[in-house]
Amino acid sequence: MRRLTGKAKEETLIELHSASDSQITDESSGNGVNSLCEGAPLPGHSETERLQPNRDTVFFRDGVRRIDFVLSYVDDKDERKQERRKEFEANLEKAGLELETEDKSESKDHKTYFLKIHAPWDVLATYADVLNIKVPFKESDMQHGQDVHLDWLSCPFHLPDHIMHPQTDYFTYPFDKNKVDFFLINDKETFFPPSTRNRIVFYILARVPYYSEGRKDREKTGIKRLLSNGTYTAAFPLHDCRYWKRARNAECESERFNLYKHWARFLCFYKEQPLNLIRKYYGEKIGIYFAWLGFYTEMLFFAAVMGVICFTYGVLSYGDNKSSKEICDPDIGGSILMCPLCDKKCPFWKLNSTCLSSWQSHLFDNEGTVFFAIFMGIWVTLFLEFWKRRQARLEYEWDLVDFEEEQQQLQIRPEFEIKCTNRRQNKITQEIEPYLPVTSKCARFCFSGATVIFWISMIVACIIGVIAYRLAVYAAFASIIKDPMRKIQLVGRFITPQLATSVTASCINFVIIMILNFFYERVAIWITDMEIPKTHLEYENRLTIKMFLFQFVNYYSSCFYVAFFKGKFVGYPGKYSYMFGNMTKLRNEECDPGGCLIELTTQLVIVMAGKQLWGNIQEALLPLMRNWWSSRKGRHNPENHYSRWEQDYVLLNFSQIGLFYEYLEMVIQFGFITLFVASFPLAPLLALFNNILEIRVDAWKFTTQFRRPVASKARNIGAWQEILNSVAILSVVTNAFIMAFTSDMIPRMVYLYAYSKDASMSGYINNSLSVYNISQIHLDNMPEDDWHNSTTTCRYRDYRYPPGHERQYTHTMQFWHILAAKMAFIIIMEHVVFAVKFFVAWLIPDVPSDVKARIKRERYLIQEYLHKYEVEKLKLQLSASFITEPRSETSLTPDKHEVVSECS
């Protein structure tokens, strides 16, 4: 097959003519919006008006054959690379692909060659058959079910119908090369959409060897190895046009322009997403991601509204907070002397100095928080169940119902085929296939597991280091931030040693999280590659589990510490508990006088908001800067001189696991708003604002900053579904424990209903503080400053008998009553929420009934039409044989016709 190099003068003149004709036609026939977009490009995209040859095209020089894939390389005179390219391209031609080379003199840097690849009909048909790609055979006569909505109310959120439904709905059936006339083929060149074409070509590129026919070196196979060893610099399918301007060629769909105009701009944040167009342009895998992200954001709206209501309740009940009033009262809180919070450096202090923090704590620690925690447990179930229904509908509409079962075997990774030299017969298909021996598999799994455990241990060690920092630095802050009135150490009115310690420790923890994250990502990919998973699905699932386990410990461990460990093992003034024993002098932390819940809120806000801010900076600014830098290098001509493949070449590559990071970011956020939502009801609101921005940032990245990804299929969100289910179940437990052990709600309720004399919260503060004799405090625990005061006792947070009692300093009965109430609350809340969760899950079917009916009807119609097709084909064959056979040999023909009539 002939390969063309360079550009002929005659072809240049033809393209020059066609470019001018196309421009005139485009400008004269364009309607309002499109003409505006073409005539007045978006800011920052000015173009030279001088007439240039039309190189902004997705076709070969003949203007007929479509460019399905592009390979680029720099000829650095390396003979080994030249030999690899020669063999590889020769094998591509043997596989039936057509090639056309653009000389380096035509590129903007005068260094890069571009190899354009076209898959002709025979190749597409062969591999569509191999890959069981579903194609239309009859226009659908069924109406898809739509969600009930008020048209007049939802109209502002809708997109034009040609954007939401870019193609006619058809009944589809896996392509069969031997039944070409069964399918609706009007034009063989456009029958397979560009996304399917590039998927087929990439399948071929990943499996074509680059060794000569007489040699057998299995490792020398596939475009991935050629990219890794530098033989080629890039491999990518082309975008169909510039994102800010329609393509001049009328045969080009300009779907990228439509996606940017109606989806990727932030001003479209309130509009629905064009999921069908996303699926058509990028493939089902990316379409499923954006469908899930959009649905998650929609459901967050209800959680955010409820969170705002609970927070508003806390604000409105501000004045009814009896406990804070007692703390702030000079006659009550001002008369209570508290024991030192650390050894040596911390003085005695007055309770009313924590007035501000007690008011702040009430905003999040109130009766409404219990209701919100129960609501979120039910919300999570509704979210997951309704997503299953939405996913089932998309599976039907996008022809993914039987995808996994059919494609599992066909998605074997080229790396598995290359590295696994052992062969055995598949018991199902009876075909010889590569396999990994059990001994090798076990050894790889053991090494992989040990590596994951080592890195998780590193996180735990870092968290312990941060805890030690908190214990050590608290005394330092206490000595620096001094209050001569001995109320409590203050800078201004707002910063206490507790707050300063919590904020700085949270920031340090966040930095450690980012650093460990950076290194572990590479380690996780390396050990997953070492395991040699058989299919792409297995590879993604294994990487997902490894990364999520690490991220779970990395992001949530500090919050678990504050929620469930801080302030729980403190001891009391005569017998304090120390980290790593008494020799370390690192006394275990006490909670802020307002409770540990406000510190958990602080930790959650810093880690969650910091991660979202850093993630948006990474996703938006870094790609923009990289592309700006790469595009400015070697640029000597105006923008419109550069070809479509050169414009895409300078964009960032979207890796095969690129979506993995997008899912991971959202699932980590999901954990924040479910596992610890009882401490911060506004977390869903922050997540909602972030996700509205996230959808448009991701859309902007895909349409403007990344090369077009190779289209790939996915039936669902994969392993992330099970991870979400696990987080949802765990969230019920964590929120129940937060409300019981981190919040002060249970002690307040026990006091109100069992110990209050007037059925009010009056006297609660005095009741919740125990008494200790100052003279009995060990010298190592006493402040360094001289203590001169007539007061002989100090108070601390606990329920213990006072000095002089026969059971002094042991827990009172109220302590055990409160502990019993906490355990009862956990059991009741968990059982109630789990009962509602499982009832709702049982009540809501995973697949809508109308979708089940449509799937059954479509299968029935497929069988019916296939039967008719086979019968008609048989009739034609029999008729042809009857005409061509001599009379003497046609005695059996009537019998054949009888058989046909019986079949029909």
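All of these numbers come straight from a predicted model, not from anything done at the bench. All residue numbers here refer to positions counted from 1 along the written sequence of the relevant chain. Only residues with pLDDT of at least 70 get local features here, since the model is predicted, and only at 80 or more are side-chain atom pairs given and counted; chain-wide, interface and lining totals rely on the full set of residues. The basis for every side-chain value is the complete set of heavy atoms in the structure, and neither hydrogens nor water enter the calculation.

Before going further, it helps to spend a moment on the overall build of the chain. Each helix and strand in the chain was counted, giving 30 helices and 15 strands. Only protein chains enter the accessibility calculation, which uses a 1.4 Å probe; a residue whose area is less than 20% of its type maximum is buried, one above 50% is exposed, and one in between is partly exposed. Residues classed as buried in the chain amount to 52% of the 904 residues present. Contacts are residue-level and defined by heavy atoms, with any inter-residue pair within 4.5 Å sufficient. Taking the contacts inside the chain whose residues are at least 6 apart along the sequence as the reference set, 79% of them involve residues at least 24 apart. Residue burial considers only the protein chains on display, and all accessible areas are found by Shrake-Rupley using a 1.4 Å probe. Summing over all exposed atoms, the chain offers an accessible surface of approximately 42,400 Å²; the carbon and sulfur share of this is 60%. Elements are defined by DSSP. Helices are runs of H or I of four residues or more, strands are runs of E of two residues or more, and each kind is numbered from the N terminus.

We now examine the nonpolar core. Nonpolar core, defined: a set of buried Ala, Val, Leu, Ile, Met, Phe, Trp, Tyr and Cys residues in which side-chain atoms within 4.5 Å join the residues together. Trp292, Tyr296, Trp379, Phe383, Phe672, Phe676 and Trp720 are the most contacted members of the largest nonpolar core, which totals 144 residues. The dominant element in this core, judged by the number of residues it contributes, is helix 12 (residues 284–316), at 15 residues. The contacts of tryptophan 292, once residues within four sequence positions are left out, are Phe383, Trp387, Tyr663, Met666, Ile717 and Leu724. With 41 residues, the next largest nonpolar core counts Leu97, Leu99, Leu124 and Leu861 among its residues.

Let us look at the environment of valine 370. Mapped onto the fold, valine 370 is located in helix 15 (residues 367–397). On the basis of relative accessible area, valine 370 is assigned to the buried category, the value being 12%. Linking valine 370 and methionine 745, residues 375 residues apart in sequence, is a C-alpha distance of 8.7 Å.

A few words now on the confidence of the model for the chain. Reading fine detail from the predicted coordinates is not recommended where pLDDT is low. Looking at the chain, the pLDDT average stands at 80 and 83% of residues meet or exceed 70. For every residue, the predictor assigns a confidence score, pLDDT, that lies between 0 and 100. For the stretch residues 634–639, pLDDT sits under 50, and the model shows 12 contacts to residues farther than four places along the chain or on other chains.

As a further point, take a nonpolar patch on the surface. Patch definition: residues with relative accessible area over 30% and no salt bridge; like charges joined within 9 Å; nonpolar side chains (Val, Leu, Ile, Met, Phe, Trp, Tyr) joined within 5 Å. The rule for a salt bridge is simple: a side-chain nitrogen of Lys or Arg has to be within 4 Å of a carboxyl oxygen of Asp or Glu. Taken together, the side chains of Phe157, Phe266, Phe269, Tyr270 and Leu693 present a nonpolar region at the surface, about 460 Å² in accessible area. Relative to the assigned elements, phenylalanine 157 resides in the loop between helix 5 (151–154) and helix 6 (161–164). In this structure phenylalanine 157 comes out as partly exposed when scored by relative accessible area, which is 41%.

Moving on: the side chain of glutamine 814. Turning to its location among the elements, glutamine 814 is positioned in helix 28 (residues 813–843). Those residues within four positions of glutamine 814 in sequence are excluded, and the remaining contacts are Tyr755, Asn767 and Tyr799.

Glancing now at the environment of alanine 824. Considering the arrangement of structural elements, one finds alanine 824 in helix 28. The exposure class of alanine 824 is partly exposed, given its relative accessible area of 34%.

On to the state of the cysteines, then. Only a pair of cysteine sulfur atoms within 2.5 Å counts as a disulfide in this structure description. According to the stated counting rule, one finds two disulfides in the structure shown. Two residues, cysteine 328 and cysteine 355, share a disulfide whose sulfurs are 1.8 Å apart. Across the S-S bond of cysteine 328 and cysteine 355 the torsion is about 95°, and the bridge reads as right-handed. In this pair, cysteine 328 sits in helix 13 (residues 322–328) while cysteine 355 sits in helix 14 (residues 355–364), placing the two residues 27 residues apart along the sequence. The disulfide that involves cysteine 339 links it to cysteine 794, with 1.9 Å between the sulfurs.

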